[in-house]
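Residues per chain, in single letters:
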Amino acid sequence: NGCPIETFRIPASVKEISMSAIKGVKNVILAHDSEYLELSDGILRYKDGPFIWCRPDLLSSGSHVEIPAGFTEIPDGLYENDHEIVSVVIPEGVTKIGEYAFKNCENLKYVFLPSTLETIEYQAFMNTALEEITLPAKLSSMSDPFERCHKIRTINVEEGNETYYVKDNILYSEFHAIRGTLSVP
């Protein structure tokens, strides 16, 4: 991402760190006696908590992206503004997709969501080229993730989802209509 910092050292006293502070860094070194963070196999996370950073060579890039197994969430802005991505496979075990995770990935047409997904945060897929999406049965929370996705023609909801449903090509939550979709003849 054009980050001039090759290696970022984190002392044991650090309790919190923003993903944006180290985005693009090629290597992270964590003090071995850190009480709050852990670094294992190139992935930095809070102890018993969410992902913060991943060594860039672990994340695939190019037109087809496969998020590696072991992630429980896709961090905010992880692939934001990546214009190469056409398809993304998110592995089983991921329960949350963060804000702006794929925002402005203008060529992103295909996303395969895991059955474990529970939450899609604000504008996660804003301004992408998604044409169809299938929402898993466990999904129970979304915050306008498909804003300005003008190419979406079909939104499917897996059987058993208690929060969302489609009727007459309109996506509803248990309370109100969320997004109309166009029928494809």
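Residues numbered from 1 in each chain as written. Predicted model: local features only at pLDDT ≥ 70, side-chain atom pairs only at ≥ 80, totals over all residues. Heavy atoms only, no water.

## Things to note about the packing of aromatic side chains
Then step 1. This structure, assessed with the given rule, holds 5 aromatic pairs.
Then step 2. A ring pair is formed by Phe 102 and Phe 125, whose centres lie 5.3 Å apart and whose planes are at 5°; its orientation type is stacked. Of the two residues, Phe 102 sits in the loop between strand E9 (96-97) and strand E10 (110-112) while Phe 125 sits in the loop between strand E11 (119-120) and strand E12 (132-135), which places them 23 residues apart along the sequence. Across this residue pair, the class does not change: Phe 102 and Phe 125 are buried.
Then step 3. Considering the side-chain rings of Tyr 165 and Tyr 172, the 5.2 Å spacing of their centres and the 10° angle between planes classify their relative orientation as stacked.
Then step 4. Overall, Tyr 165 belongs to the partly exposed group, its relative accessible area being 41%.
Then step 5. A network of ring pairs unites the aromatic residues Tyr 79, Phe 102, Phe 125 and Phe 146 as a single cluster. (Phe/Tyr/Trp six-rings, centres within 6.5 Å; stacked < 30°, edge-to-face > 60°. Helix = DSSP H or I, 4+ residues; strand = E, 2+ residues; numbered from the N terminus. Buried < 20%, exposed > 50% of the residue type's maximum accessible area, 1.4 Å probe, protein only.)

## Looking at the sheet that holds E11
Two strands in a sheet stick together by hydrogen bonds in their backbones, pointing the same way (parallel) or opposite ways (antiparallel).
Then step 1. Judged by pairing direction, the sheet is parallel, and its 4 strands sit side by side in the order E7-E9-E11-E13 without closing on themselves. Where the open sheet ends on each side, the last strands, each with one partner, are strand E7 (73-74) and strand E13 (141-142).
Then step 2. As paired strands, E11 and E13 are joined by 2 bridges and run parallel to one another. Considered in E13, the bridge of Thr 119 is made with Ser 141. (Pairing = 2+ DSSP bridges.)

## Side note on the side chain of Thr 163
Then step 1. Checked against the element boundaries, Thr 163 lands in the loop between strand E14 (154-157) and strand E15 (164-167).
Then step 2. Apart from residues no more than four positions distant in its own chain, Thr 163 is found in contact with Leu 139, Ser 140, Tyr 172, Ser 173 and Glu 174. (Contact = heavy atoms within 4.5 Å.)

## Considering the sheet that holds strand E6 (residues 64-66)
Then step 1. A sheet is described by the order of its strands in space; here 3 strands give the open sequence E6-E8-E10, paired in parallel fashion. With partners counted over all chains shown, the strands left at the sheet margins are E6 and E10, one partner each. Across the sheet, the axes of successive neighbouring strands diverge by a mean angle of 10°, strand direction being ignored.
Then step 2. Note that strand E8 (residues 87-89) and E10 share 3 bridges and pair parallel. Looking across to E10, one finds that Ser 87 is bridged to Tyr 110. (Axes fitted to C-alpha atoms, helices over the stretch in contact; angles between N-to-C directions.)

## Remarks on the confidence of the model for the protein chain
Then step 1. Looking at the protein chain as a whole, its pLDDT mean stands at 84, while 86% of the residues score no less than 70.
Then step 2. Scored below 50 in pLDDT, residues 180-185 shows 11 contacts in the model against residues more than four places distant or in partner chains. (pLDDT = per-residue confidence, 0-100.)

## Thoughts on unusual backbone geometry
Then step 1. For Asn 81, which is not glycine, the phi dihedral falls at a positive 65°.
Then step 2. Checked against the element boundaries, Asn 81 lands in the loop between E7 and E8.
Then step 3. Of the residues examined, Asn 81 reaches a relative accessible area of 39% and is grouped as partly exposed.
Then step 4. One non-glycine residue, Asn 104, adopts positive backbone phi at about 60°.
Then step 5. Along the polypeptide, Asn 104 turns up in the loop between E9 and E10.

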